Amino acid sequence: MNAEQQRLAARKEEIRTAAHAARREQADKDILSRAITDAVMQLPVYQSAQCVMWYIDVRSEVRTRHALQPAIQSGKRIIVPFCVDGELELFHLESMQELSEGAYGILEPCVELRHEASKRVTATDLDLILVPGVGFDRRGGRVGHGKGYYDKLLRSVRRDTALVAIAFECQMFDAIPMQPHDIFMDMVVTEQQIYQRNT
């Protein structure tokens, strides 16, 4: 790692530390999360998408599980990810009963259903992905946890797949250091604003 890469890595770590602290201390997470997911579901790009990937919240992330049942009932094909050996696998969610608590109390698809043919989804099926993250900027820059799970997935989607990040406003920064391999979000939705890339 050269000096510039070391500087960028250090800056990303500073952002992660600040964003995690701000997110943990964020009051009214349930109320704000509902405002964020409501705003997402009103987006034209969401309404026109047929196959949408939601994430299932953990710890202090913007909460999404309250929105999963309405999303399923909307008639869209709803996909949720789960992690296997450092890779995100995709699961077609048709009922909240298909989820159970896994390691660390994380809600994830039931193990016995994961390999059913009707539940398997490929990244190229996705029309829109709701992307979690630790910190974001107004041009769609993103920093995650540093493990690269979402980066791998996002590199394998179609070019026209919409990437919509959701975050609390306290997770927004002036500038996220982005490297050539990093992927920009098309928009970031917070409880206060919708930030469109290139606007």
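In what follows, the structure referred to is the one given above.
For clarity, every value in this text was computed on a predicted model and none was experimentally measured.

**Student:** Explanation requested: the pairing of strand 3 (residues 87-93) in the structure shown.
**Tutor:** For a regular strand, side chains alternate in direction, first toward one face of the sheet and then toward the other. The buried fraction of strand 3 amounts to five of the seven residues, a majority that puts the element mostly inside the structure. Two strands pair when backbone bridges link them, and strand 2 (residues 77-84) and strand 3 are joined in this way by seven bridges, in the antiparallel orientation. Considered in strand 3, the bridge of Val80 is made with Phe91.

**Student:** Which parts of the structure should I look at to understand the sheet that holds strand 11 (residues 187-189)?
**Tutor:** The strands that make up a sheet pair up through hydrogen bonds in the backbone, lying either parallel or antiparallel. Taking strand neighbours across the sheet as the criterion, the seven strands line up as 3-2-1-6-9-11-12 in an open arrangement whose pairing is mixed. Each of the sheet's edge strands pairs with one partner strand only, and the pair in question is strand 3 and strand 12 (194-196). Shown here is a sheet whose adjacent strand axes are inclined to one another by a mean of 25°, direction ignored. Contacting strand 6 (128-131), strand 9 (162-166) and strand 11, helix 2 (residues 29-42) runs over the sheet at an angle of about 140° to strand 11.

**Student:** How should the pattern of salt bridges be read in this particular structure?
**Tutor:** A side chain with one charge may pair with a side chain of the opposite charge, provided their charged atoms come close. According to the stated counting rule, one finds 15 salt bridges in the structure shown. As a salt-bridge pair, Arg11 and Glu14 come within 3.1 Å of each other at their nearest N and O atoms. Placement of the pair is Arg11 and Glu14 together in helix 1 (residues 3-25), with a separation of three residues, close to one helical turn. Look at Glu14 and you get partly exposed, because its relative accessible area is 48%.

**Student:** Honestly, the packing of helix 2 against helix 4 (residues 65-73) in this entry has me stumped. Any pointers?
**Tutor:** For the pair helix 2 and helix 4, the least separation of the axes is 10 Å and the interaxial angle reads 30°. Looking at the two axes, helix 2 sits roughly parallel to helix 4. In terms of crossing hand, the pair formed by helix 2 and helix 4 is right-handed. For the pair formed by helix 2 and helix 4, the contact residues are Ser33, Arg34, Thr37 and Met41 on the first element and His66, Ala67, Pro70 and Ala71 on the second. When the residues that make up the contact of helix 2 with helix 4 are grouped by side-chain class, the tally is four nonpolar, three polar and one charged.

**Student:** So what exactly am I meant to see when it comes to the sheet that holds strand 10 (residues 172-173) here?
**Tutor:** The strand order 8-7-10 describes an open sheet built from three strands, whose pairing is mixed. The strands lining the two open edges of the sheet, one partner per strand, are strand 8 (142-143) and strand 10. Of the pairings in the sheet, the one linking strand 7 (residues 135-137) to strand 10 comprises two bridges and is parallel in character. Each residue of the ladder has a partner; that of Phe136, found in strand 10, is Met172.

So, how was this worked out
- Residues numbered from 1 in each chain as written.
- Predicted model: local features only at pLDDT ≥ 70, side-chain atom pairs only at ≥ 80, totals over all residues.
- Heavy atoms only, no water.
- Buried < 20%, exposed > 50% of the residue type's maximum accessible area, 1.4 Å probe, protein only.
- Helix = DSSP H or I, 4+ residues; strand = E, 2+ residues; numbered from the N terminus.
- Pairing = 2+ DSSP bridges.
- Axes fitted to C-alpha atoms, helices over the stretch in contact; angles between N-to-C directions.
- Contact = heavy atoms within 4.5 Å.
- Salt bridge = Lys/Arg side-chain N within 4 Å of Asp/Glu carboxyl O.
- Parallel < 35°, antiparallel > 145°, perpendicular 65-115°, else oblique.
- Left-handed = near helix turned anticlockwise from the far one by under 90°.
- Nonpolar A, V, L, I, M, F, W, Y, C, P; charged D, E, K, R; others polar.

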